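A closer look at the structure
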Amino acid sequence: MKKVSLTLIAIAAAGVSAPAMAQDRAGDIQVKVLGTAVLPDGGIDAVNLDTFGLPAGADTKATDEVIPSFAIEYFLSNNISIETIAGMAKHNVVGTGSLAGVELVDDLRLIPGTVTAKAHFDLGGVKPYVGAGVAYFMFFGEDEGSDLVNLGVTDADLSNEFGFALQAGVDIPVSEAGFGVSLDVKRYFIGTDATFRVGNTDIIRTEHTLDPWTISAGVTYTF
């Protein structure tokens with residue numbers, strides 16, 4: 001009878017402790033400080049207006065940049081979290097193909113507002129994850145490139161756009177005090193429309209694929 005009682009107590013304890021262990025990260029907040037390489041495309045998908053006279057084979061490319069970025073993550077459960085990412089990238093847009101070497105847009109600033117839902121897997125010393133979410137790219141501060149200024153272009157404008165992102169990475173705890181390191185890769189699927197003007201008159205309107213990869217590494221703190 002004593003053995004049976006002990007067995008029942010053990011089973012009951014396991015039934016209580018297992019859900020508690022499964023929820024041991026629920027309510028945790030993880031902060032990440034990262035260095036991020038932003039690797040966009042920027043190619044032309046379509047030309048909707050061209051009174052300027054773009055040469056055949058004209059295309060574009062946004063420059064790669066490395067920036068600081070930040071992330072805040074809230075754990076809904078041990079395995080599910082919501083993360084928001086903040087940072088600001090600065091790019092130039094240059095010509096390729098028959099426009100090779102032409103400066104088209106200077107000092108373009110981009111805030112890639114992003115929110116993802118992530119699924120985490122605990123492998124002991126490492127905690128890989130995958131995620132997906134929505135993004136809103138906000139462009140501002142863009143100037144017409146010096147080569148276009150010389151041709152009389154007075155304004156360049158890129159449209160803000162919604163898109164989505166896929167994500168994968170790994171968190172590696174390094175201390176019981178909550179510190180760790182993180183590696184993260186995202187692929188965005190998003191575009192923008194570019195408009196170039198002389199005075200108040202549109203002379204070029206083009207659609208562009210951006211679809212950047214971002215590769216990040218940095219430190220984390222969980223509390």
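Residues numbered from 1 in each chain as written. Predicted model: local features only at pLDDT ≥ 70, side-chain atom pairs only at ≥ 80, totals over all residues. Heavy atoms only, no water.

Details of the overall build of the protein
Just so we agree on the cut-off: Each helix corresponds to a stretch of at least 4 residues labelled H or I by DSSP, and each strand to a stretch of at least 2 residues labelled E; elements are numbered beginning at the N terminus. To sort residues, take the accessible area from a 1.4 Å probe on protein chains only and compare it with the maximum for the residue type: under 20% means buried, over 50% means exposed, and anything in between is partly exposed. Exposure was quantified through the Shrake-Rupley algorithm and a 1.4 Å probe, taking into account, for residues, occlusion by the shown protein chains and nothing else.
Summing up its helical and strand segments, the protein has 2 helices and 15 strands in all. Counting all 223 residues of the protein, 37% fall into the buried class. Surface accessibility of the protein: about 11,400 Å² in total, with carbon and sulfur atoms responsible for 66%.

A word on the sheet that holds strand β13 (residues 191-198)
Stated formally: Pairing between strands is defined by DSSP: at least two bridges between the two strands are required. Between the N-to-C directions of two axes lies an angle of 0 to 180 degrees, each axis being a line fitted to C-alpha atoms and, for a helix, fitted only over the stretch in contact.
With respect to topology, 4 strands assemble into an open sheet ordered β2-β14-β13-β10, the strand pairing being antiparallel. Each of the sheet's edge strands pairs with one partner strand only, and the pair in question is β2 (44-50) and β10 (155-158). Sheet twist, expressed as the average angle between the axes of neighbouring strands with direction ignored, equals 15°.

Structural notes on the side chain of E144
Put simply, the rule is: A residue counts as positive if it is Lys or Arg and as negative if it is Asp or Glu; His and the chain ends are not included. The term salt bridge refers to a pairing of a side-chain nitrogen on Lys or Arg with a carboxyl oxygen on Asp or Glu at a separation within 4 Å.
You can see E144 is positioned in strand β9 (residues 143-144). Of the buried charged residues, E144 lacks a salt bridge, with R197 as the closest side chain of opposite charge at 8.8 Å.

Quick word on the side chain of S182
To keep it simple, the criterion reads: Polar contact is defined as a pair of N or O atoms within 3.5 Å, subject to the rule that within protein one atom must be able to donate a hydrogen and the other to accept it, and that residues adjacent in sequence are counted only when both atoms are side-chain atoms. Contacts were defined at the residue level, with two residues in contact if any of their heavy atoms lie within 4.5 Å.
Topologically, S182 is positioned in strand β12 (residues 179-189). Using a relative accessible area of 1% as the deciding quantity, one classes S182 as buried. Engagement of the side chain of S182 in a polar contact is seen with the side chain of D171, the distance being 2.8 Å. Residues in contact with S182, not counting those within four places in the same chain, are K32, L34, Y129, V170, D171, S216, A217, G218 and T220.

A short note on empty space enclosed by the protein
One way to see where empty space is left: roll a probe the size of a water molecule over the atoms. Using the following cut-off: Two kinds of site are reported from a 1 Å grid over the protein atoms alone, namely cavities, where a 1.4 Å probe fits but cannot get out, and pockets, open sets with protein on both sides within 12 Å along at least five of seven lines, and residues are called lining when an atom falls within 4 Å of a point. Grid points are joined across faces, edges and corners, and a volume is the space filled by probe spheres set on the points. Polar here means any residue outside two lists: the nonpolar Ala, Val, Leu, Ile, Met, Phe, Trp, Tyr, Cys and Pro, and the charged Asp, Glu, Lys and Arg; Gly therefore counts as polar.
Applying the stated criterion to the full structure yields 2 cavities of 30 Å³ or more. Taken as a whole, the largest cavity holds about 180 Å³ of empty space. Contributions of two or more residues to the lining of the largest cavity are made by β1 (29-39), β4 (65-75), β5 (80-87), β7 (103-120), β12 and β15 (213-222). Counted by class, the lining of the largest cavity contains 11 nonpolar, 5 polar and 1 charged residues. There is about 50 Å³ of room inside the second largest cavity. Along its surface, the second largest cavity is lined by V38, P40, A62, H91, L108, L110, F137, F139, L210 and P212. Sorting the residues of the lining of the second largest cavity by element identifies β7 and β8 (127-140) as the ones contributing at least two each. When grouped by side-chain class, the residues that make up the lining of the second largest cavity number 9 nonpolar, 1 polar and no charged.

Notes on a nonpolar patch on the surface
Test applied: Every patch collects residues that have over 30% relative accessible area and no salt bridge, joining them within 9 Å if they carry like charges and within 5 Å if they are nonpolar side chains (Val, Leu, Ile, Met, Phe, Trp, Tyr).
On the surface, V31, V33, F70, I72, V174, F179, V181, V219, Y221 and F223 cluster together to form a nonpolar patch covering roughly 890 Å² of accessible area. Counting only elements with at least two residues in the nonpolar patch, the list comes to β1, β4, β12 and β15. Of note, I72 is situated in strand β4.

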